[in-house]
Structures are given as C-alpha cells and as structure tokens.
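# Overview (structure and organization)
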Amino acid sequence: MDPEALALDEMIVRDVLARRAGTDGAAPFLRLGADVASYAGVHRNALAVSSALGTIDVARTELVGLMLPNSIEYVEIYFGLAYRGAAVVLVNTAFRGYMLEYVLNDAACRVLVADETFLETLLESEASLTTLQTVLVPGDPPGLEAWAARFARIEVRALGSMASGDAADVPAEVSYSDLHCVVYSSGTTGPSKGIMISNGHALTKAIEVLRICDFGASDVLYSPLPLFYSMGLLRGVLSVALVGSSIALRDRFSVSSFWDDVRAYRATVAHCVFSIPKMLVQAPSRPDDREHSLRCMFNAQHDPAFEERFGVKLVESYGLTEAGNAIYNRLDDPVIPGSCGRVSDDWEVRLADPDGLAVPAGEAGEILLRPREPACVMLGYLNKPEATATAFRDLWLHTGDLARVDASGHYFYVGRNKDVIRRRGQNISAWEVEEILRTHPDVADVAALSQPSDVGEDDLRVVLVPRATEALDLEAIAAFSEQRMPAFMVPRFFEEVDELPKTPSGRVEKYKLEGVIPERRFDRGSGARR
C-alpha cells in the first residue's frame with residue numbers, strides 16, 4: 001500500500017488498519033515498555049470494542065469522548081470507534097472542572113470512554129455534564145460497581161464485560177468526508193474551539209509526516225507525546241500504519257529515559273515539541289551520546305549544538321491542527337537558521353496585510369493557506385459557524401500567525417497576529433519580545449501583552465516569572481531590554497508574578513492577565529515602582 005497513491009475514496013482510517021492486518025498481521029504495530037501489539041491483535045481487539053459500542057447504539061458520526069492515558073488500549077479503542085464510524089473527541093487527560101465540562105458539553109457527548117483513574121474527576125463534575133449518559137471504563141476493573149453506585153445519574157460500565165468477540169457489526173458505509181475526530185485547540189484569547197477533522201484529513205496529516213521525515217517500513221517511530229494530540233495519534237499511529245512500521249509510545253516524556261528508550265526500541269525517528277531538544281541538550285554529556293539509531297526528530301527548531309552532540313537532524317515545519325504542514329524544511333536542504341522551511345507542493349501560501357493583500361518579500365504578513373488537493377483542511381469549528389466563517393475568508397484559511405519570506409522562498413515565523421502590538425506607529429511581535437527576555441538568566445517565563453495608552457495605540461507590558469525564589473530586579477531587566485531591543489520594542493511595564501496562567505497544553509492564557517496588575521511592578525515610563 002503506497003500511501004501517496006491512495007485514491008480519495010480510500011482515505012478512510014478504519015480501512016488502513018483492516019488492510020494492514022490482512023497483509024502484515026503478525027508485524028509489530030505498537031510498543032509500550034515490554035508490551036508489543038501486532039496489527040492483527042489491534043484489529044481483533046478494535047472489532048471487539050466496536051461490537052461493544054454497538055450494544056449501546058453508538059452510531060456513525062456520533063461524537064464519543066476518549067479520555068485515557070497513553071496505552072496500547074488507547075489505540076485499540078480509538079480504532080474500535082473508527083470501525084463503528086463514530087467520531088472521536090480527544091479529551092486532554094489534565095482536564096477537570098470547567099475545561100472537562102466545556103469540552104464534553106460542547107461536543108454533546110453521550111458516551112465517554114475513560115480510565116478508572118478519572119472517575120473521581122468525572123464525579124465532581126457530574127451535575128454539570130449535561131449530555132453525558134454513559135462512562136465506559138476499559139477492561140473489567142474490580143470495584144467498579146462501588147464507583148457506579150456513587151454516580152447519581154451517569155451510568156458507569158466496564159467495557160471489557162460488554163465486548164462480544166471479533167464478529168462486530170461494522171457499519172457498511174464510512175466516507176473519507178465523514179467526521180473522524182474533534183481536537184480542541186488551546187484557547188488563549190477565549191474558549192477552546194473543537195477542530196473537526198475528517199477521515200481524509202486525518203490520513204493527509206499522516207502522509208505529510210511520512211514525506212517530511214522520509215519515513216518508511218524499515219523505520220521505527222518513538223513518540224513520548226500524548227495521544228490526545230494530533231501529533232501523537234494522527235501524525236504518529238496513523239503514519240506508521242500506512243507503511244506497516246511500528247511506533248513506540250511512552251506515558252510521558254522523560255529527559256533521563258529518552259535516549260535509553262531510543263536505544264531499546266532502535267528508533268530511527270522521534271516526535272518532539274520545541275522544548276524537548278532544548279531539555280535534552282541541557283542534560284550532562286555522556287560517552288554514549290551518539291550511540292543510537294535516531295536520525296531525525298520532528299517538529300523541532302534547528303540547533304547546531306544539539307545536532308553536533310547527538311548526530312540527529314532536527315526537522316522544523318509550520319503547520320496547524322486546522323490544516324497541515326504547509327511549510328517545512330526538506331531533509332536534504334541546506335539549513336537556513338530561523339527558517340521553518342519552504343512551501344509544500346500540496347499548498348498555496350500567501351502572506352497578507354489586514355486587507356488580505358500580499359505583502360512584499362521581507363515584510364511580515366498573516367499566513368493564509370489554501371490546499372491544492374481535497375481533504376487537507378478542517379471541516380470547521382464544532383458549533384461555531386461564525387468562527388469558521390471568520391477563518392475561511394476570501395477562499396483562504398486565515399491562520400492568525402505571522403511570517404516573512406526571503407527571496408529564496410524560505411519562511412520565518414514571527415508570531416501570532418493577535419500578539420502584534422501597535423505602538424508609536426510600529427508593529428511589535430509579542431513573541432519576539434518574549435524570546436529576548438527568556439535569554440535573561442533570572443527569567444523563567446514571560447508573557448508580553450498590550451496595555452491601553454493614554455496617548456493612543458498601546459503600551460507594552462511584560463509579566464515575568466523568576467527562575468529563583470528571590471524577587472526579580474525589574475529595573476535591571478528593563479536595562480537589559482534596552483540593550484537588546486529597538487527603542488520602540490522595549491516594554492514600558494515590567495511586572496512579576498509567581499506563575500503564568502496556562503492551558504493544560506502549556507499555552508499562556510493572556511486574556512487572564514488583562515486588567516490584572518501585580519503587586520511588584522516597574523513603570524519604565526514614569527520610573528514609578530510598586
């Protein structure tokens with residue numbers, strides 16, 4: 001099965017596993033610690049899950065929540081839902097209270113598959129979960145009856161006791177255009193949005209990673225990322241299934257275990273986020289730093305020190321859950337420091353001004369995307385038609401991200417459009433301000449945001465988290481900024497807090513900082529301190 005040769009009507013997630021189980025059933029598919037699951041084994045167990053779901057009338061395109069830690073069972077239940085034709089709502093396992101209630105209510109989930117360790121969290125929110133009727137707990141854990149008795153309205157059942165073998169009544173019709181999963185974006189300026197991904201779009205994401213990493217059947221992927229994100233699941237599990245390779249999972253990333261895992265699994269490609277290589281390179285050097293089989297890590301910013309020490313290529317791309325990896329660095333291209341790559345052959349990219357007109361080369365503009373092939377972008381935001389219409393304007397997907405492009409076609413990410421502050425006739429990227437301040441040895445974290453000015457436009461404020469327990473010298477950090485930033489970019493207000501409000505995925509919720517003035521503050525404009 002050549003993934004690049006799949007016809008549009010063959011872009012159906014459940015069929016990928018079914019075909020692979022038929023041709024390479026005994027081949028290893030999933031690894032977690034000492035546990036290994038074959039394609040045939042996952043296929044058989046997924047059919048049993050589908051059969052169990054049929055007994056409670058889970059139907060095609062019904063939204064079913066999935067809230068499990070990384071495990072082989074997670075993937076089997078995920079494919080069981082796919083065999084059923086249901087749409088999977090990927091629930092972050094850190095969610096509780098408002099965020100958990102918001103996601104399950106917004107998706108109107110009637111059924112949730114959840115690990116027993118989350119039952120206490122669900123019990124706390126039972127009164128606010130307006131649509132949830134049934135929680136299915138994988139396996140048949142002891143003591144579940146006692147848990148079930150504690151819930152007033154929601155039924156709690158053991159999924160393992162419901163399964164009826166592998167003769168599942170699989171719905172006959174599932175289309176590439178059917179809703180396959182919903183991924184909730186991190187809301188930094190308001191409530192999270194449910195990104196609706198079709199079967200075809202899910203597999204397009206998987207194929208993109210194969211192309212970017214030149215990943216084939218002989219490769220082994222190591223992914224320490226959560227499966228409730230599209231990177232681990234769609235760009236990981238589905239990617240290896242398309243070529244008949246295997247993926248090694250981990251419950252969570254560990255600096256101390258990373259290279260031991262890579263060696264044990266003989267991994268050739270690893271998933272990462274930008275922070276992972278930075279943490280790995282900060283660890284003490286070892287004589288065996290280069291004794292491994294890993295050849296590249298995706299998605300990561302170029303770091304010469306990392307690549308020299310470990311002998312591993314860091315591959316950066318620009319992409320988003322709503323679309324795909326429209327811009328990426330080719331493995332064989334010369335490294336352009338700071339660039340996230342060149343445009344994919346499958347995409348059109350325009351850098352635009354606020355009116356949607358293209359900006360000249362070298363100037364920053366909003367990244368607008370348009371696919372050249374079908375099934376490459378989201379179906380829309382769940383229950384948010386206005387947000388969907390705003391995103392799709394003038395036949396382009398408006399990303400809200402800013403970039404510039406050089407004369408050779410290499411793109412450089414600048415920051416979020418909403419993080420651009422207009423000050424004294426100049427546009428300031430909050431992202432760039434933050435990156436500069438993170439280089440200060442006393443600063444652990446920072447958020448830059450606008451503050452209304454008495455003279456029009458905005459002033460700039462930065463909210464800083466100290467690296468140590470001692471209070472920051474805010475005036476010294478202001479002097480540091482003056483030395484490293486253009487005058488128009490230097491913030492007026494420097495503030496200190498113990499921690500920044502963040503989403504479970506680690507994004508700063510800047511809207512929670514608006515209108516909140518900490519006790520410790522230095523006003524560079526007036527010199528006043530608090």
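What comes next is a walk through the structure.

Basis of the calculations
- Numbers given for residues are sequential positions, taken from 1 along each chain in its written order.
- Per-residue local features are limited, in this predicted model, to residues with pLDDT of at least 70; the limit for side-chain atom pairs, both in listing and counting, is 80 or more; totals at the level of whole chains, interfaces and linings are taken over all residues.
- The basis for every side-chain value is the complete set of non-hydrogen atoms in the structure, without hydrogens or water.
- The working definition used for a salt bridge is a side-chain nitrogen of Lys or Arg within 4 Å of a carboxyl oxygen of Asp or Glu.
- We count a stretch as a helix when DSSP gives it H or I for four or more residues in a row; a strand needs E for two or more, and each element gets its number in order from the N terminus.
- Throughout, exposure labels follow a simple rule: accessible area from a 1.4 Å probe, protein chains only, divided by the maximum for the residue type, with under 20% read as buried, over 50% as exposed, and the rest as partly exposed.
- A strand pair is defined by DSSP finding two or more bridges across the two strands.
- Every angle, taken between N-to-C directions, lies between 0 and 180 degrees, and every axis is a line fitted to C-alpha atoms, over only the stretch in contact when it is a helix.
- By construction, the arc corresponds to the directions joining the helix axis to the C-beta atoms.
- Whether two residues touch is decided by their heavy atoms; if any such pair falls within 4.5 Å, the residues are in contact.
- Cysteine sulfur atoms that pair up within 2.5 Å are treated as a disulfide.
- We call Phe, Tyr and Trp rings a pair once their centres come within 6.5 Å, taking the six-membered ring for Trp, and we label the pair stacked below 30 degrees between planes, edge-to-face above 60, and tilted otherwise.
- Throughout this description, the term charge over a ring refers to an Arg CZ or Lys NZ atom that lies within 6 Å of the ring centre and within 35 degrees of the ring normal.

Another aspect to go through is the pattern of salt bridges. Per the counting criterion, the structure on display carries 31 salt bridges. As a salt-bridge pair, Asp-24 and Arg-20 come within 2.8 Å of each other at their nearest N and O atoms. With Asp-24 and Arg-20 both in helix α1 (residues 13-24) and 4 residues apart, this pair spans about one turn of that helix. Notably, a salt bridge pairs Glu-482 with Arg-524, separated by 2.8 Å at the nearest N-O pair. Within this pair, whereas Glu-482 is found in helix α15 (residues 474-484), its partner Arg-524 is found in the segment after β29 (520-523), the two being separated by 42 residues in sequence. Of the residues examined, Glu-482 reaches a relative accessible area of 43% and is grouped as partly exposed.

This brings us to the sheet that holds β29. Across the sheet, 4 strands lie side by side as β26-β27-β28-β29; this open sheet has mixed pairing. For this open sheet the edge positions go to β26 (443-452) and β29, each flanked by a neighbour on one side alone. Between one strand and the next, the sheet's axes are offset by a mean angle of 20°, whatever the strand orientation. Bridge analysis of strand β27 (residues 458-466) against strand β28 (residues 493-496) gives 4 bridges, and the strand direction is parallel. By the bridge assignment, Val-462 is partnered in β28 with Phe-494.

Turning our attention to α15. Turning to α15, its buried residues number three or more, namely Leu-474, Ile-477, Ala-478, Phe-480 and Ser-481. Angular distribution of buried residues about the axis of α15 spans 155°; they occupy a single face of the element. Contact partners of the buried residues in α15: α14 (430-437), β26, β27, β28 and β29.

Let us look at the state of the cysteines. Each disulfide consists of a covalent bond between the sulfur atoms of two cysteine residues. Across all of its chains, the model carries 0 disulfides by this definition. Cys-340 takes part in no disulfide bond, and the closest cysteine sulfur, belonging to Cys-272, lies 15 Å away. For the unlinked cysteine Cys-376, the closest cysteine sulfur is that of Cys-181, found at 15 Å.

Applying the stated criterion across every chain, the model contains 14 aromatic pairs. Ring geometry for Tyr-222 and Phe-258: centres 5.4 Å apart, planes at 70°, overall edge-to-face. Of this pair, Tyr-222 sits in strand β10 (residues 220-223) while Phe-258 sits in helix α10 (residues 255-265), and the two are 36 residues apart along the sequence. Of the two residues examined, Tyr-222 and Phe-258, each falls in the buried class. Measuring from ring centre to ring centre gives 6.3 Å for Tyr-318 and Tyr-413, while their planes differ by 25°; the resulting arrangement is stacked. Residue Tyr-318 is found in strand β15 (residues 317-319), and its partner Tyr-413 is found in strand β23 (residues 411-416); the two are separated by 95 residues along the sequence. Among the aromatic residues, those joined into a cluster by ring pairs are Tyr-222, Phe-253, Phe-258, Trp-259, Tyr-265, Phe-306 and Phe-310. Against the face of Tyr-328 rests Arg-330, its NZ or CZ located 4.0 Å from the ring centre. Above the face of the Trp-396 ring, Arg-370 is positioned so that its terminal group lies 3.9 Å from the ring centre.

Every other side chain in a regular strand lies on the same face of the sheet, so the side chains alternate between the two faces. Of all 10 residues making up β26, 7 are buried, and the element is well covered by its neighbours. Relative to β27, β26 runs antiparallel, the two being bridged by 9 bridges. Paired with Ser-450 across the two strands is Leu-460, which belongs to β27.

Here we take up the side chain of Asp-106. Within the fold, Asp-106 resides in helix α4 (residues 98-106). Asp-106 sits in the buried class, given a relative accessible area of 15%. Among all residues touching Asp-106, those that are not within four sequence positions of it are Tyr-184, Leu-382, Asn-383 and Lys-384.

Before going further, it helps to examine the environment of Val-490. If you trace the backbone, Val-490 turns up in the loop between α15 and β28. Relative accessible area serves as the criterion here: at 1%, Val-490 is assigned to the buried category. Sequence separation between Val-490 and Tyr-74 is 416 residues, and the spatial gap between their C-alpha atoms is 48 Å. Those residues in contact with Val-490, other than ones at most four positions away along the chain, are Arg-423, Ser-481, Glu-482, Met-485 and Arg-524.

Attention shifts here to the sheet that holds strand β1 (residues 28-32). Taking strand neighbours across the sheet as the criterion, the 7 strands line up as β2-β1-β11-β10-β12-β13-β14 in an open arrangement whose pairing is mixed. Of all the strands in the sheet, the pair left with one neighbour each is β2 (35-38) and β14 (313-315). Taking each pair of neighbouring strands and ignoring which way they run, the sheet shows an average axis angle of 20°. Contacts between helix α2 (residues 39-54) and the sheet are confined to β1 and β2, with β2 contributing the most and set at about 75° to the helix.

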